Every structure is written in structure tokens, then in C-alpha cells.
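Observations on the model geometry
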Amino acid sequence: MSGEFQGKRVLVTAGASGIGRVTANAFLAADARVHVCDIDANALQGYRAEQPTVGTTLADVADEAQVNRLFDTVADAFGGIDFLINNA
């Protein structure tokens with residue numbers, strides 16, 4: 001990815017491990033602002049320790065209330081999103 005993602009706001013669901021983590025890291029490498037959610041609290045904590053600039057939310061995207069809270073959190077932090085990577 002090139003500089004076209006610099007400063008873009010990205011939300012990656014199921015982003016604390018596997019394909020989601022790799023995707024989030026690629027956006028970080030392209031200077032995007034990244035927020036990830038995951039249902040695995042330990043994976044989320046580990047990812048946040050590895051990437052302290054990433055926003056994180058413990059959320060199950062199968063639960064509407066948790067999704068609403070997630071989007072509220074991201075909107076408060078970023079003022080919106082440019083890319084949603086629906087990896088979950």
C-alpha cells in the first residue's frame with residue numbers, strides 16, 4: 001500500500017489476530033489510523049501492546065448493541081471512518 005492511505009481512518013473487525021491483524025498492520029504501515037475490534041480480550045490486549053497507536057474495542061459483531069457501541073467509540077475517536085474491513 002502506498003501513501004494514499006496516510007491519515008485514513010480504518011476499522012478492522014476481528015482484527016487482533018490472523019488475517020485481520022495482518023490487514024490492520026498493512027494499513028498501519030501505510031500511515032493510516034487504525035481501530036480494531038475482536039471478541040478475544042487476550043488477543044486484543046496483546047495486539048494493543050504490540051501496536052500502541054491502535055484503538056481497540058472488545059466487541060462481538062453478532063450483537064447489535066455491541067456494534068452500536070463500537071461505531072460510537074470509533075466515531076468519537078476518529079470522527080468517522082474511511083474504510084471498514086469486515087473481517088469477522
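For the structure itself, consult the block above.
Described below are features of the structure shown in this document.

Conventions adopted
- Residues numbered from 1 in each chain as written.
- Predicted model: local features only at pLDDT ≥ 70, side-chain atom pairs only at ≥ 80, totals over all residues.
- Heavy atoms only, no water.
- Buried < 20%, exposed > 50% of the residue type's maximum accessible area, 1.4 Å probe, protein only.
- Helix = DSSP H or I, 4+ residues; strand = E, 2+ residues; numbered from the N terminus.
- Pairing = 2+ DSSP bridges.
- Right-handed = clockwise from strand over helix to strand, strands pointing away.
- Polar contact = N/O pair within 3.5 Å; in protein donor to acceptor, adjacent residues only side chain to side chain.
- Contact = heavy atoms within 4.5 Å.
- Salt bridge = Lys/Arg side-chain N within 4 Å of Asp/Glu carboxyl O.

Structural notes on the pairing of strand E1 (residues 9-13)
Across the five residues that make up E1, a large majority, four, are buried. Inspection of the sheet shows E1 paired to strand E2 (residues 33-38) by five bridges, in the parallel sense. Following the sheet pairing, valine 12 is matched in E2 by valine 36. Handedness of the crossover is the feature at issue here: the chain leaves E1, passes through helix H1 (residues 18-29), returns alongside E2, and the resulting connection is right-handed. As paired strands, E1 and strand E4 (residues 83-85) are joined by three bridges and run parallel to one another. Looking at E4, one finds that valine 12 is bridged to isoleucine 85.

A word on the side chain of histidine 35
Its place among the elements puts histidine 35 in strand E2. Taking the relative accessible area as the measure of exposure, histidine 35 reaches 4% and is therefore buried. Side-chain polar atoms of histidine 35 contact the side chain of threonine 57, separated by 2.7 Å. Excluding anything up to four places from it in sequence, histidine 35 contacts Val10, Leu11, Val12, Val54, Gly55, Thr56, Thr57, Leu70, Thr73, Val74 and Phe78.

A look at the pattern of salt bridges
By the definition in use, this model includes two salt bridges. The closest approach of N and O atoms between aspartate 82 and arginine 9, which form a salt bridge, is 3.1 Å. Here arginine 9 lies in strand E1 and aspartate 82 lies in the loop between helix H3 (64-78) and E4, a separation of 73 residues in the sequence. Overall, the relative accessible area of 34% leaves aspartate 82 in the partly exposed class.

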